[in-house]
Amino acid sequence: MEPSAKFTKSFRKEDVVRDWWIVDATDMTVGRLSTQVARLLRGKHKAIFTPHVDTGDFVIVVNAEKVKLTGNKAEDKVYNRYTGYPGGYITNSIKDVMKKHPERVLEHAVKGMLMKNTLGRAIFRKLKVYAGPNHPHEAQKPIKLEL
C-alpha cells in the first residue's frame, strides 16, 4: 500500500466517553422528541460514531407526562400485546397508558427506533424516562439539551 493511503479509524467501546444529557419533554411531540433522543443514545452526533459499537450517551427525559400527541392519536392509537395464553390478546389505548405510566409512551417510541438486537437493547438501557420533573441522576451532572 501507498504510505499516503488513509484509513478510517474504527473505535472500540473502550474509546467512548459518555456524557449525560437531560431533556425536558414539556409540550414536545412524541415522535420529534424520540428521534432526537434515539440519535443521542445511538451516538450519531459524535465524530467517533461506529455502527457496531455502542458510542452513545445517557439520556434523561423528564416531564414525560406533559408530552403532546398530534392529530387523533389520543383517541385512535393503541398498543397491542399477547400474553401467550389463549384469549390473551390485550389492547391498551395510548390515553390509558398516559394516565397510568406516561413514561412508557416515550420508551416505546424510542425503542422502536433502535436496532432489534443485543446492541439495540444495550443502547436502550441508557435511556432514563421520568413522568415528573425529578430524577435521581444529579450526581452525573447532566447537560441540559434544548430541542
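Thresholds, definitions, all that
- Within every chain, residues take consecutive numbers counted from 1 along the sequence as written.
- Reporting in this predicted model follows two pLDDT cut-offs: at least 70 for local features of residues, and 80 or more for side-chain atom pairs to be given and counted; totals over whole chains, interfaces and linings ignore these cut-offs and use all residues.
- Hydrogens and water are ignored here; the side-chain numbers use all heavy atoms of the structure.
- Whenever Lys or Arg places a side-chain nitrogen within 4 Å of a carboxyl oxygen from Asp or Glu, that contact is recorded as a salt bridge.
- Secondary structure follows DSSP: runs of H or I at least 4 residues long count as helices, runs of E at least 2 residues long count as strands, and numbering of each begins at the N terminus.
- When DSSP finds two or more bridges between a pair of strands, those strands are recorded as paired.

A few words on the pattern of salt bridges. Throughout the structure, instances matching the rule amount to five salt bridges. Here Arg18 makes a salt bridge to Asp54, at a shortest N to O gap of 3.8 Å. Taken as a pair, Arg18 in the segment before strand 1 (20–24) and Asp54 in the loop between helix 1 (30–42) and strand 2 (58–62) lie far apart in primary sequence, 36 residues in all. When salt bridges that share partners are traced, they join Arg12, Glu14 and Asp15 into one network.

Our next topic: the pairing of strand 3 (residues 78–82). Pairing geometry for strand 3 and strand 4 (residues 89–93), over five bridges, is antiparallel. The residue of strand 4 that forms the bridge with Tyr79 is Asn92. With antiparallel pairing between neighbouring strands as the criterion, strand 3 and strand 4 make up a hairpin whose turn holds six residues, including Gly84 at a positive phi of roughly 100°.

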